[in-house]
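Each chain, written out:
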Amino acid sequence: MATHALTTSPFERVAYRRIVVPIAGDDDSETGVALAAELAPEAGASITAVFVIEVAAELPLDAHMHDEEHAAREALEKAHAIAASRGVRLRERIVRARSRGEAIVAEAEAVQADLVVMRAAPKNGKRLFGRTADYVLRHADCRVLVT
């Protein structure tokens, strides 16, 4: 009788059901949404686009930040359009927090994300990435794809 070994390839596609994409209102964020939308349809996944308004410690979390709120709404509208053009559901969130990284990790935990897709530019000095990407990479309970 022949036996067949069950093997898995390191390049095997993973099915992501819940993807979180931090949005910053720039073209790099749009790239993250587009990549997440490409990963999402295969498993019928949903994307949560989260715009974090980082509030300085000397201000209350509910301080009036009209410019930031306007930028958040515009960025999330663009994200929604990108996802819709690819037939993917997108949930929009605006979060006020003291730390962008902590807010992203908290959102990923809240939606039980399988993946966080984020754009991060390499930094000079001792760290490979900035503080937000570094925090998310170290603390997220799910996979993190940095583009």
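Residues numbered from 1 in each chain as written. Predicted model: local features only at pLDDT ≥ 70, side-chain atom pairs only at ≥ 80, totals over all residues. Heavy atoms only, no water.

1. Brief notes about the overall build of the protein
Moving on, step 1. Along the backbone of the protein there are four helices and five strands.
Moving on, step 2. Mapped from its N terminus to its C terminus, the protein presents α and β elements in the order β-α-β-α-β-α-β-α-β.
Moving on, step 3. Classification of the 147 residues of the protein by burial places 39% in the buried group.
Moving on, step 4. Across the protein, contacts joining residues at least 24 apart in sequence account for 73% of those joining residues at least 6 apart. (Helix = DSSP H or I, 4+ residues; strand = E, 2+ residues; numbered from the N terminus. Buried < 20%, exposed > 50% of the residue type's maximum accessible area, 1.4 Å probe, protein only. Contact = heavy atoms within 4.5 Å.)

2. Here's the deal with the sheet that holds strand S4 (residues 115-118)
Moving on, step 1. Across the sheet, which stays open at both edges, the five strands sit in the order S3-S2-S1-S4-S5 with parallel pairing between neighbours. Bordering the open sheet on either side are strand S3 (89-97) and strand S5 (143-146), each of which pairs with just one other strand. For this sheet, the mean angle separating the axes of adjacent strands, direction not counted, is 25°.
Moving on, step 2. With six bridges connecting them, strand S1 (residues 18-23) and strand S2 (residues 46-54) associate as parallel partners. Within the sheet, the bridge partner assigned to isoleucine 23 lies in S2 and is phenylalanine 51.
Moving on, step 3. Seen against the sheet, helix H2 (residues 66-85) touches S1, S2 and S3 and runs at an angle of roughly 160° to S3.
Moving on, step 4. Running at roughly 155° to S2, helix H3 (residues 100-110) makes contact with S1, S2, S3 and S4 of the sheet. (Pairing = 2+ DSSP bridges. Axes fitted to C-alpha atoms, helices over the stretch in contact; angles between N-to-C directions.)

3. What about the pairing of S1?
Moving on, step 1. By the criterion of burial, S1 is predominantly enclosed, with five of the six residues buried.
Moving on, step 2. Two elements, S1 and S4, share two bridges in a ladder whose sense is parallel. Looking at S4, one finds that valine 20 is bridged to valine 116.

4. Describing the side chain of threonine 48
Moving on, step 1. Relative to the helices and strands, threonine 48 is located in strand S2.
Moving on, step 2. If we skip the residues at most four places from it in the chain, threonine 48 touches Ile19, Val20, Val21, Arg91, Arg93, Glu107 and Val111.

5. Topic: the packing of H3 against helix H4 (residues 131-139)
Moving on, step 1. Between H3 and H4, the least distance of the axes is 8 Å, while the angle of their chain directions is 35°. Where H3 crosses over H4, the two elements pack in a sense that is right-handed. Between H3 and H4, the residues in contact are Arg100, Gly101, Glu102, Ile104 and Val105 and Thr132, Tyr135, Val136 and His139, respectively. (Left-handed = near helix turned anticlockwise from the far one by under 90°.)

6. Comments concerning the confidence of the model for the protein
Moving on, step 1. Confidence in the prediction of the protein, expressed as mean pLDDT, is 85, and 82% of residues score 70 or more.
Moving on, step 2. Mean pLDDT across the elements of the protein ranges from a minimum in helix H1 (residues 27-39), with 83, to a maximum in H3, with 97.
Moving on, step 3. Note that residues 1-7 has pLDDT below 50 and, in this model, zero contacts with residues that lie over four places away or in other chains. (pLDDT = per-residue confidence, 0-100.)

7. Comments concerning unusual backbone geometry
Moving on, step 1. Positive phi, normally seen in glycine, also occurs at glutamine 112, with a value near 55°.
Moving on, step 2. Along the chain, glutamine 112 falls in the loop between H3 and S4.
Moving on, step 3. A relative accessible area of 56% means that glutamine 112 is categorised as exposed.

8. Observations concerning the pattern of salt bridges
Moving on, step 1. Using the criterion set out here, one finds six salt bridges in the structure.
Moving on, step 2. For arginine 131, the salt bridge identified is with glutamate 54, shortest N-O distance 3.1 Å. In this pair, arginine 131 sits in helix H4 while glutamate 54 sits in strand S2, placing the two residues 77 residues apart along the sequence.
Moving on, step 3. Accessibility expressed as a relative area gives 47% for arginine 131, which makes it partly exposed. (Salt bridge = Lys/Arg side-chain N within 4 Å of Asp/Glu carboxyl O.)

9. Thoughts on the side chain of arginine 100
Moving on, step 1. Secondary-structure assignment places arginine 100 in helix H3.
Moving on, step 2. For the buried residue arginine 100, which engages in no salt bridge, the nearest side chain bearing the opposite charge is glutamate 54, 6.3 Å off.
Moving on, step 3. Excluding residues within four positions of it along the chain, arginine 100 makes contact with Pro22, Ile23, Ala24, Val52, Glu54 and Thr132. (Lys, Arg positive; Asp, Glu negative; His and termini not counted.)

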